[in-house]
Each structure stands twice: as structure tokens, then as C-alpha cells.
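Now for the letters of each chain:
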Amino acid sequence: MQTFSLKSHLPDRAAQPSAFFVQSRGRNTGRPSYAPRRNCYVIACQEQDLSVTYWLVYALWKSGHFRRNLQGTRTPYIRVGHMRHLIARAVRRYAHELEPVQQLQKTLQSEMRLIRELDRVARMRTVLLADLIDHIA
């Protein structure tokens, strides 16, 4: 997990199978995604390192590390060199430690499960309110 490449994404060029995308502009600068978006960089690495690199970038984004390096007044952006430096530092420091990455994945799964449950509760509340209104009217 020592090497990765970070380049500007060109929409007409197909990405490698062992690559993911990172938003380079706007409020979600640094947010990783497996689908290309406008204004993004592409990170390519070896197949076995893809998941760990993705989650390290996710951790950097969620903790606000990319936000510190934003430039621009109207639409904030991060330069490719700054992003490369931040990701390389995280990879050097945490690439061999899989436990924090696994804990992050478990936490995100729990968060998604809670979001689904909250959605169900909101739908139940809507149904109950509709029934209440039907009985009143």
C-alpha cells in the first residue's frame, strides 16, 4: 500500500478498475466516491489497496483535513499537490494499521442502519398522523 497516483479526472477517459474519485471543489471537497463526478480527481492504486486507501481518504474528508487547505473565494478548491501530500501522509502513517479502517467501516454501517431506522420511524409517524386526521375529519 505504498503507491497511489492522483490525477485530475477527464470525463472522456475511462478510469482504471482499481480507482476511485475524490471531489476537488465545493463544500464536499475530498469526499470519495466510486462514481465520477464533476470537478474530481481520480486516485488509482493496486487492487488490494483500494479499500484501505478509500477509507483513509474518507476519514480525512470526514475529519475536515481537506477543508484546511481550501483556496478560492467563490468556489473553494484544493490543489492536486496539497491533496496528494495529505493522502500520502495518511497512507504512510496508517496503511499498515487495518484495525482503525475496519472500525470506521463498522461505524459507518451502524450509522447507515440507524438512518434507515429513523426513516422507518418518520414514515410510521406520517401514517399515524394521516390516520389521526382521517378519524378527526
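Our subject in this report is the structure included herewith. (Residues numbered from 1 in each chain as written. Predicted model: local features only at pLDDT ≥ 70, side-chain atom pairs only at ≥ 80, totals over all residues. Heavy atoms only, no water.)

**What to know about the overall build of the protein chain**
Point 1. The helix and strand inventory of the protein chain stands at 3 helices and 4 strands.
Point 2. Its helices and strands taken in sequence order, the protein chain reads β-β-β-β-α-α-α from the N to the C terminus.
Point 3. Scaling as 2.2 N^0.38, a compact globule of 137 residues should have a C-alpha radius of gyration of about 14 Å, whereas the protein chain reaches 20 Å, well beyond that.
Point 4. Oriented by its inertia axes, the alpha-carbon framework of the protein chain measures out at about 65 × 40 × 30 Å.
Point 5. Counting the 137 residues in the protein chain, one finds 32% classified as buried.
Point 6. Intrachain contacts of the protein chain at a sequence separation of at least 6 include 61% that bridge at least 24 residues.
Point 7. Carbon and sulfur atoms make up 53% of the accessible area of the protein chain, which totals about 9700 Å².
Point 8. Averaging the locations of the 22 positively and 10 negatively charged side chains of the protein chain gives two centres separated by 13 Å. (Helix = DSSP H or I, 4+ residues; strand = E, 2+ residues; numbered from the N terminus. Rg over C-alpha atoms; globule rule 2.2 N^0.38 Å. Buried < 20%, exposed > 50% of the residue type's maximum accessible area, 1.4 Å probe, protein only. Contact = heavy atoms within 4.5 Å. Areas by Shrake-Rupley, 256 points an atom, 1.4 Å probe, with all protein chains shown as cover. Lys, Arg positive; Asp, Glu negative; His and termini not counted. Charge placed at Lys NZ, Arg CZ, Asp CG, Glu CD.)

**Details of the sheet that holds strand S3 (residues 32–33)**
Point 1. The strand order across the open sheet formed by 4 strands is S1-S4-S2-S3, and the pairing between neighbours is antiparallel. Looking at which strands have only one partner, the edges of the open sheet turn out to be strand S1 (4–8) and S3.
Point 2. As judged from the 2 bridges shared by strand S2 (residues 19–23) and S3, these two strands associate in the antiparallel manner. Bridge pairing in S3 links Val22 to Pro32.
Point 3. Those strands touched by helix H1 (residues 50–62) are S2, S3 and strand S4 (40–45), and its axis lies near 10 degrees from that of S2. (Pairing = 2+ DSSP bridges. Axes fitted to C-alpha atoms, helices over the stretch in contact; angles between N-to-C directions.)

**Considering helix H2 (residues 80–94)**
Point 1. Along its 15 residues, H2 runs 21 Å from first to last C-alpha, staying within 8% of the 21 Å computed at 1.5 Å per residue.
Point 2. Buried within H2 are the following residues: Met83, Leu86, Ile87, Ala88, Ala90 and Val91.
Point 3. Buried residues in H2 make contact with S1, S2, S4 and H1. (Expected span 1.5 Å × (residues − 1).)

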